[in-house]
Amino acid sequence: MKKLSKNAKSNAVTYAIVIVFYIVMQILSGSGTLSSSLTGQLIPICVYICMAVSLNLTVGILGELSLGHAGFMSVGAFTGVIVAMSLQASVASGPIRLVLAMVVGAVMAAIVGVLVGVPVLRLRGDYLAIVTLAFGEIIKNILNNLYVAYDAEGLHIRLLTAISKSELAEGGFMIINGPQGATGITKLSTFTAGFLLMLFTLFVVLNLIQSRSGRAIMSIRDNRIAAESVGINVTKYKLMAFVVSAALAGMAGALYAMNFTGVAAKKFDFNTSILVLVFVVLGGMGNIRGSIIAAAILYVLPELLRAVNDYRMLFYAIVLIVVMLVTNNPTLKNGVNAVWTALKGVFVKTVPVPEEGGESDE
Amino acid sequence: MAFLSNLISGISLGSVYAIIALGYTMVYGIAKMLNFAHGDVIMVGAYMCFCAMNYWGLPPLAGILLAIIICTLLGIVIEKLAYKPLRAATSLAVLITAIGVSYFLQNAALLIFKADPKVFPSVVTLPNLRLFDGSLIISATSIITVIVSAIIMVALTLFVSRSKTGKAMRAVSEDKEAAQLMGINVNGTISVTFAIGSGLAAIAGVLLCSAYPTLMPTTGSMPGIKAFTAAVFGGIGSIPGAMLGGILLGVIEILGKAYISTELSDAIVFAVLIIVLLIKPTGLLGRKINEKV
Amino acid sequence: MSNSKLAQVPSNALIPERDLDKTPVLETHHLGINFGGLKAVDDFNLTVGRTEIAGLIGPNGAGKTTIFNLLTKVYQPTTGTILLDGKDTAGMSTVQVNKAGIARTFQNIRLFSALSVEDNVKIGLHNEIHCGMWSDIFRLPRHWRSEKIAHERALELLSIFHMEDMANAQAGSLPYGAQRRLEIVRALATNPSILLLDEPAAGMNPSETSELMDNIRKIRDTFQIAVLLIEHDMNLVMGICEGICVVNFGRIIAKGDPDEIKNNPDVIEAYLGKKGAK
């Protein structure tokens, strides 16, 4: 038997965390221990974990800052809603409709990812970031003015001018109504679907990173000029990371939308992109497991502590600044490392007698 | 006549963008960073002026002065606390920090001033200018805005080209290490740059809210991003470029709103940014910077 | 020690006698680049034989690294042509010339420092192994096959410098000398026909340098490739280079074998100034 490689072990732990999370939540919600508000957050948690993991592919692995990740989420969400609602009559099975919605949502987000990525990825650094932001706003702006309806004749899609019910054939209905967004969605998302999406996202991202393509992507991050000198097609691999990231965000978006009866474009604004970025930064750029844990904790924490909910955003802002300062300023970094080592020393000493050290305090 | 009226409001809005863009362009030129929080300094300036006039009963001019002082200090503090420790860090780290600062200012304002929009009383109390028997009305705010931005532009150009500090700024922007060796206080110069940029942001905030009187914690973010667009459009690092880019962008936005679509006006402005960056990333008046291998 | 004699090829250039009947691996004709009016490199003509170890020397700021950047298309030349295996590289990008057979190292080391030593070499092997995104994501048989090949080849290449034991170390954490060696291994991994080394001995102690000299020869002999190196360590240059080209102010001031170069008055003047020429 071959010994498991370092990567394989680390991956196993990451998958295990997600699986344990799922099982524990299932047991808790089954036994009614979980508060109803928290139960309602289970699917969004899964969605935001997928968003964070996929954004980490662009920010942590490729090393380019994308400020428009919510834009891809919204493309997936709206596409997913259109697919699921149009197929209501022809595909009876809810789960199949959900899967179709997510797949088409991902494809659509990938297409938009290519359209955005081809021009954007030629730019570098700050310019790239600001242009992803611009694209995110353009996508939101367009979706805010999109009208989609479905009737016997098929889909009606219009930009800017509203579609009135009287224009539709018998039995027709609105799917997306401009700024109001999508309404009358049949809730298809389940926690299990969210769990499977998390596993799928992890599978795609981890496998991609730990392969020939992933190494090429990381080489661009570490040193673009050296990457070119050894024959790495920088544009190709930048685009690959960006589009895979967009597709996964699209999938997560479809699952997200299908968790509500209605969803509007303004839900997927710059703030949402920043929220996901905070998860990635706090979890550690390039650290996939970190993204999962950070997304879960930061998403749930304010829900648990209602009193501090007003300070949630302020807290996120401070997290961003402090994490960046601590991880990038040599003096601060060494200071924190010293404290960490000291703490570790204390911790390691107490390990042999955990019952005395750990619990008697309480 | 409607076109002329739109053009004038475009130039006026563009002048505000230009003042904000000056802040971006100077900081970018010298600290080589995109100060994402610059837009939110505008908002802070506007709130300061608003409080001074509405709550503390100060005259508009005192309100403006207070706003300038507070924003200047704020700019220096932000630079010292958040950006200075990251001088040697990657641009990604600096940008994320700047976004954090922006987010912090917005949410601090949200807690202090609440989300409900305040109606900002114009600081310009002069009557509007009526031309052609009233068929063309130019608001006094527009006129003052254009005049103020023209004065700032001239003053800043003179300052940068003539004064000792201005020369130090140019030296630091060319080569930080060399400037240091020549005895220039690099950190001090960067602080001055942030101070000037933030002071200008306060003026921009007051002018912006005088023309568009809704004041909210997010008031600064959109104009901030658009002004950055303007700075890039004109050529980042170039002072005349910021002015030109700002005015062109203001005109494009207002004309786009009037003749293409109100709903999609933001999309149009951002499309301009994308097109400029793709066709001429150095902007209209910018210089090309070669990467050293 | 190589005792090969330099012989003239039809273009008047000098290459080792054993390479005479083969197309030179690299030829430049009137190569030049202007930076805003300044001629950083001008009328640079060089021919490198198929298995030659050639040296490019000159005082600081002479334009040596700029020549490397021109050869690897980091900069596009303003004038002149570069022939690689007799083929014009006009219009090619850095990536394309690497695929066509030029690999290089950098004066200021450019490793993928957050990645492991083995991954650095595997990235060098990128175009030598074939596996697409879908095979990678869904772990198709092709992925496992290509990963196995990459792993074996990487260790084999690392063994040139006896670095197999460091395969799992983080590249950025290696000592300076090892980083320089890793860069050479990474460049070799791209299967080049000519290897450009930019100051390979910089920061090495004399014993490391002499080991490096042996290794450069070993690489040439094993892979039957040419090496063009920039170096300030004259012991290394005079010890292993067959042909040497001296540049100053972007122009060639002398070409020849080590003995000719050592005694060339122009070279002595360029290095030591006018007084030294006496």
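Everything numeric here is computed off the predicted structure, so don't read it as measured data.

1. Things to note about the confidence of the model for chain A
All names here are of chain A.
Link 1 in the chain: Across chain A, the average pLDDT comes to 86, with 92% of residues at 70 or higher.
Link 2 in the chain: Ranking the elements of chain A by mean pLDDT puts helix α14 (residues 354-359) last, at 36, and helix α9 (residues 234-257) first, at 96.
Link 3 in the chain: Scored below 50 in pLDDT, residues 350-362 shows two contacts in the model against residues more than four places distant or in partner chains.

2. Structural notes on the pairing of strand β10 (residues 226-230) of chain C
Residues and elements named next belong to chain C.
Link 1 in the chain: Within β10, five of the five residues are buried, which leaves the element mostly enclosed by the surrounding structure.
Link 2 in the chain: The alternating pattern of β10 places A226, L228 and I230 and V227 and L229 on opposite faces, both of which are buried.
Link 3 in the chain: Sheet analysis places strand β5 (residues 53-57) next to β10, joined by four bridges and oriented parallel. Each residue of the ladder has a partner; that of I53, found in β10, is V227.
Link 4 in the chain: Pairing analysis gives five bridges linking strand β9 (residues 194-198) to β10, with the strands arranged parallel. Looking at the pairing, L195 lines up with V227 of β10.
Link 5 in the chain: Handedness of the crossover joining β9 and β10 through helix α7 (residues 206-223) is recorded here as right-handed.

3. Focus on the interface of chain B and chain A
A common way to report how large an interface is uses the accessible area buried once the components associate.
Link 1 in the chain: In this complex, chain B contributes 34 residues to the contact, which on the side of chain A involves 35 residues.
Link 2 in the chain: Take the side of chain B that touches chain A: its biggest share by element is 14 residues, from helix α4 (residues 91-113) of chain B.
Link 3 in the chain: A breakdown of the residues in the side of chain B that touches chain A according to their chemical character gives 27 nonpolar, five polar and two charged.

4. A word on the domain arrangement of chain A
Link 1 in the chain: Split by domain assignment, chain A resolves into domain 1 (41-144 + 181-304), domain 2 (147-173) and domain 3 (312-352).
Link 2 in the chain: The residue makeup of the side of domain 1 of chain A that touches domain 2 of chain A, split by class, is two nonpolar, two polar and no charged.

5. A few points about helix α10 (residues 270-283) of chain A
Link 1 in the chain: Here α10(A) spans 20 Å end to end across 14 residues, near enough to the 20 Å set by a 1.5 Å rise per residue.
Link 2 in the chain: Immediately beyond the C-terminal end of α10(A), within one or two residues, lies G284(A), with a positive phi of roughly 105°.

6. Looking at helix α6 (residues 164-174) of chain B
Residues and elements named next belong to chain B.
Link 1 in the chain: Among the residues of α6, those classed as buried are A168, M169, V172 and S173. Across the axial projection of α6, the buried residues extend over an arc of 135°, all falling on one side. Exposed residues pointing more than 90 degrees away from the buried face of α6 are listed as K164 and E174.
Link 2 in the chain: Those residues of α6 that are buried are in contact with α1 (2-31), α5 (140-162), α7 (176-181) and α8 (186-211).

7. Focus: the sheet that holds β5(C)
Residue and element names in this part refer to chain C.
Link 1 in the chain: One open sheet accounts for six strands, arranged β8-β9-β10-β5-β11-β12; its pairing is mixed. A strand with exactly one partner marks an edge of an open sheet, and here the two such strands are β8 (102-104) and β12 (251-256). Between one strand and the next, the sheet's axes are offset by a mean angle of 20°, whatever the strand orientation.

8. Some points on the packing of α1(B) against α8(B)
All names here are of chain B.
Link 1 in the chain: Between α1 and α8, the least distance of the axes is 9 Å, while the angle of their chain directions is 165°. Classified by the interaxial angle, the pair formed by α1 and α8 is roughly antiparallel. Relative to α8, α1 is oriented so that their crossing is left-handed.
Link 2 in the chain: In terms of residue class, the contact of α1 with α8 is built from 18 nonpolar, six polar and no charged.

About the thresholds
Residues numbered from 1 in each chain as written. Chains lettered and ligands numbered in written order. Predicted model: local features only at pLDDT ≥ 70, side-chain atom pairs only at ≥ 80, totals over all residues. pLDDT = per-residue confidence, 0-100. Helix = DSSP H or I, 4+ residues; strand = E, 2+ residues; numbered from the N terminus. Contact = placed C-beta atoms within 7 Å. Buried ≥ 20, exposed ≤ 12 C-beta atoms within 10 Å, placed from the backbone. Pairing = 2+ DSSP bridges. Right-handed = clockwise from strand over helix to strand, strands pointing away. Nonpolar A, V, L, I, M, F, W, Y, C, P; charged D, E, K, R; others polar. Domains from an automatic or database assignment. Expected span 1.5 Å × (residues − 1). Arc of directions from axis to C-beta. Axes fitted to C-alpha atoms, helices over the stretch in contact; angles between N-to-C directions. Parallel < 35°, antiparallel > 145°, perpendicular 65-115°, else oblique. Left-handed = near helix turned anticlockwise from the far one by under 90°.

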